[in-house]
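# What the coordinates show
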Amino acid sequence: MNTSMVKSKFLSNPEDIGVVAVGFSGGQGKSGVDAAPSALIESGLLAQLQNELNYKLHGDDKVNAYNDLVPKEDPPYRNMKNPGTVSAVTQRLSEQVYSHAKEGRMVLTLGGDHSIAIGTIAGTAKAIRERLGREIAVIWVDAHADINTPETSDSGNIHGMPVAFVSGLAKEEKPEYFGWLKSEHMLNVNKLVYIGLRDVDAGEKKILRANGIKAFSMFDIDRYGIGRVVEMALAHIGNDTPIHLSFDVDALDPMWAPSTGTPVRGGLTLREGDFICESVHLTGNLVAVDLVEVNPSLAADREAEANETIRAGCSLVRCALGESLL
Ligand SMILES: NC(=[NH2+])NCCC[C@H](N)C(=O)O
Ligand SMILES: [Mn+2]
Ligand SMILES: [Mn+2]
């Protein structure tokens, strides 16, 4: 590792990264987001982590497609689209993430749409509870809150619901529809903090308010600047808490990350996104990172815009894992 890098104090093997490549798009309707992990890897992300940041990488270098888990029929249930598929994939993913986190490794998950955070957070939360007897905190960087319940969602897309499921705000008994989520998988909502919000549904605003969830919108970033916002976000979590960073590339302004399924103007600059990741790295508390919603096939000028988005995604991940400017 570089000397300037901070080793996470909650990892027994901080030089080791468990990589999980999740080629999955079933949490929303647009194809192409499943191609992101291979695009990120082909552009050199894992090679950089290995050769420049000197990490030891574990896990499969092939992208998981989870085709064996797709049921023959998957009708909507409680207004959710592809509920059986998303449930089965995130359950399997939770076990993959868990097995890396259990070994005391940092876990890097390359999505895929944001529904996969049901699996990544469930896996991290369970492993950290078992290994350290601790609850994790989640920093959710996104234009969206992704905290709809099946009933509040207008779209029925599960990538708009992962926070509700993994925090127990959306409940379901049936094991084939997320009933596999048990208390050991759960995230406490007072250990959750959002950064970058600017497109939050009316039902989600109610949920955020009713549960007193800490959220920093783009308004807060304009008002206080990214430096103070990150400071306040980290203060909310407390400086002795393992952190899972879930970064939706659509938190960035479409100027920096145009190739994504639900772009919203007025977002973070790439530098602000990198700054969040650098700051989280510097806490020494990071235990897991997700990068989601890169969709290389969604771009007006396909190649140039897709490449920009992939480059932005790689930059965010490298910053979270300790690349520094000097
Ligand atoms: N991960 C995302 N990009 N989520 C977008 C969600 C959009 C909208 N709030 C919905 O529930 O459908
Ligand atoms: Mn989003
Ligand atoms: Mn999201």
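Just so you know, these numbers come straight off a predicted model, no measurement behind them.

About the cut-offs
- Residues numbered from 1 in each chain as written.
- Chains lettered and ligands numbered in written order.
- Predicted model: local features only at pLDDT ≥ 70, side-chain atom pairs only at ≥ 80, totals over all residues.
- Heavy atoms only, no water.
- Helix = DSSP H or I, 4+ residues; strand = E, 2+ residues; numbered from the N terminus.
- Rg over C-alpha atoms; globule rule 2.2 N^0.38 Å.
- Contact = heavy atoms within 4.5 Å.
- Areas by Shrake-Rupley, 256 points an atom, 1.4 Å probe, with all protein chains shown as cover.
- Lys, Arg positive; Asp, Glu negative; His and termini not counted.
- Charge placed at Lys NZ, Arg CZ, Asp CG, Glu CD.
- Near = heavy atom within 4 Å.
- Polar contact = N/O pair within 3.5 Å; in protein donor to acceptor, adjacent residues only side chain to side chain.
- Nonpolar A, V, L, I, M, F, W, Y, C, P; charged D, E, K, R; others polar.
- Buried < 20%, exposed > 50% of the residue type's maximum accessible area, 1.4 Å probe, protein only.
- Arc of directions from axis to C-beta.
- Pairing = 2+ DSSP bridges.
- Right-handed = clockwise from strand over helix to strand, strands pointing away.
- Donors = N, O, S within 2.8 Å, 3.2 Å for Na, K, Ca; no water.
- pLDDT = per-residue confidence, 0-100.
- Expected span 1.5 Å × (residues − 1).
- Axes fitted to C-alpha atoms, helices over the stretch in contact; angles between N-to-C directions.
- Salt bridge = Lys/Arg side-chain N within 4 Å of Asp/Glu carboxyl O.
- Left-handed = near helix turned anticlockwise from the far one by under 90°.

### Re the overall build of the protein
Each helix and strand counted, the protein has nine helices and eight strands in total. The C-alpha atoms of the protein give a radius of gyration of 18 Å, which matches the 20 Å a tight globule of 326 residues would have. C-alpha atoms of the protein, sized along the principal axes, occupy 50 × 40 × 40 Å. By sequence separation, contacts in the protein at least 24 residues apart represent 77% of the contacts at least 6 residues apart. Of the roughly 12,800 Å² of accessible surface on the protein, a fraction of 50% belongs to carbon and sulfur atoms. Charged side chains of the protein number 31 positive and 43 negative; the gap between the two group centres comes to 5 Å.

### A word on the site of ligand 1
Neighbouring residues of ligand 1: 13 residues in total, closest Asp146, Asn148, Ser155, Asp201 and Thr262. Here a nitrogen atom of ligand 1 and a backbone polar atom of His159 are 3.3 Å apart. Here a nitrogen atom of ligand 1 and a side-chain polar atom of Thr262 are 2.9 Å apart. Computed on the free molecule, ligand 1 has an accessible area of 350 Å², of which 92% lies beneath the protein chains in the complex. Counted by class, the shell around ligand 1 contains no nonpolar, seven polar and six charged residues.

### Overview of helix 6 (residues 202–210)
When helix 6 is considered as a whole, its buried residues turn out to be Glu204, Ile207 and Leu208. The buried residues of helix 6 occupy an angular sector of 100 degrees when the element is viewed end-on, so they sit on one face. Exposed side chains of helix 6 directed beyond 90 degrees from the buried face belong to Ala202, Lys206, Arg209 and Ala210. Just downstream of helix 6 lies Gly212, where phi reads positive at about 55 degrees.

### Here's the deal with the pairing of strand 6 (residues 214–217)
Alignment of strand 5 (residues 192–197) against strand 6, held across four bridges, turns out to be parallel. For Ile195, the partnering residue across the bridge sits in strand 6 and is Phe216. Crossover handedness for the path strand 5 to helix 6 to strand 6: right-handed.

### Some points on the coordination of the manganese ion (ligand 2)
For the manganese ion (ligand 2), the full set of protein donor atoms is Asp142 (OD), His144 (ND1), Asp248 (OD), Asp250 (OD) and Asp250 (OD), and the range of their distances to it is 2.1 to 2.4 Å. Between the manganese ion (ligand 2) and the manganese ion (ligand 3), a spacing of 3.2 Å is present, and a bridge between the two is formed by Asp142. One end of the pair, His144, is in the loop between strand 4 (137–141) and helix 5 (162–166); the other, Asp248, is in strand 7 (residues 243–248), and 104 residues separate them in sequence. On the basis of relative accessibility, which here comes to 1%, the residue Asp248 falls in the buried class.

### Focus: the coordination of the manganese ion (ligand 3)
Looking at the manganese ion (ligand 3), one finds its protein donor set to be His114 (ND1), Asp142 (OD), Asp146 (OD) and Asp248 (OD), positioned 2.0 to 2.2 Å from the metal centre. Of note, the manganese ion (ligand 3) draws all its donor residues from one chain, in the sequence arrangement H-x27-D-x3-D-x101-D.

### So, the confidence of the model for the protein
Residues of the protein with pLDDT of at least 70 account for 99%, and the chain-wide mean is 96. Both confidence scores are given for the complex: pTM 0.98, ipTM 0.98.

### A few points about helix 4 (residues 117–132)
Its 16 residues place the ends of helix 4 21 Å apart at the C-alpha level, agreeing with the 22 Å of an ideal helix rising 1.5 Å per residue. Buried residues of helix 4: Ala117, Ile118, Gly119, Thr120, Ile121, Ala122, Gly123, Thr124, Ala125, Ala127 and Ile128, and no others. Packed against the buried residues of helix 4 are helix 3 (83–102), strand 3 (106–110), strand 4, helix 5, strand 7 and strand 8 (286–292). Downstream of helix 4 by one or two residues, Gly133 has phi in the positive range, about 65 degrees.

### Observations regarding the sheet that holds strand 6
Taken together, eight strands build an open sheet; the order of strands is 2-1-3-8-7-4-5-6 and the sheet is parallel. Since the sheet does not close on itself, it has two edges, and those belong to strand 2 (56–58) and strand 6, each with one partner. Each adjacent strand pair in this sheet contributes to an overall mean axis angle of 15 degrees, direction not counted. Here five bridges tie strand 1 (residues 16–21) to strand 3, and the two strands are oriented parallel to one another. Of the residues in strand 3, the one forming a bridge with Ala21 is Leu110.

### Let's talk about the pattern of salt bridges
For the coordinates displayed, the defined rule picks out 12 salt bridges. A salt bridge links Glu172 to Arg78; its shortest N-O distance comes to 2.8 Å. Pair noted here: Glu172 is in the loop between helix 5 and strand 5 and Arg78 is in the loop between strand 2 and helix 3, with a separation of 94 residues, a long-range link. Judged by relative accessible area, which is 15%, Glu172 ranks as buried. Each of Arg78, Glu151 and Glu172 takes part in salt bridges that share partners, so that together they form one network.

### Re the packing of helix 3 against helix 4
Relative orientation and spacing of two packed helices are given, respectively, by the angle between their axes and the distance between those axes. At a closest axis distance of 7 Å, the pairing of helix 3 and helix 4 adopts a crossing angle of 35 degrees. Crossing of helix 3 over helix 4 shows right-handed handedness. Here Thr90, Leu93, Ser94, Val97, Tyr98, Ala101 and Lys102 of helix 3 lie close against helix 4, whose contacting residues are Ile118, Gly119, Thr120, Ala122, Gly123, Thr124, Lys126, Ala127, Glu130 and Arg131. Residue composition of the contact of helix 3 with helix 4, by class: seven nonpolar, six polar and four charged.

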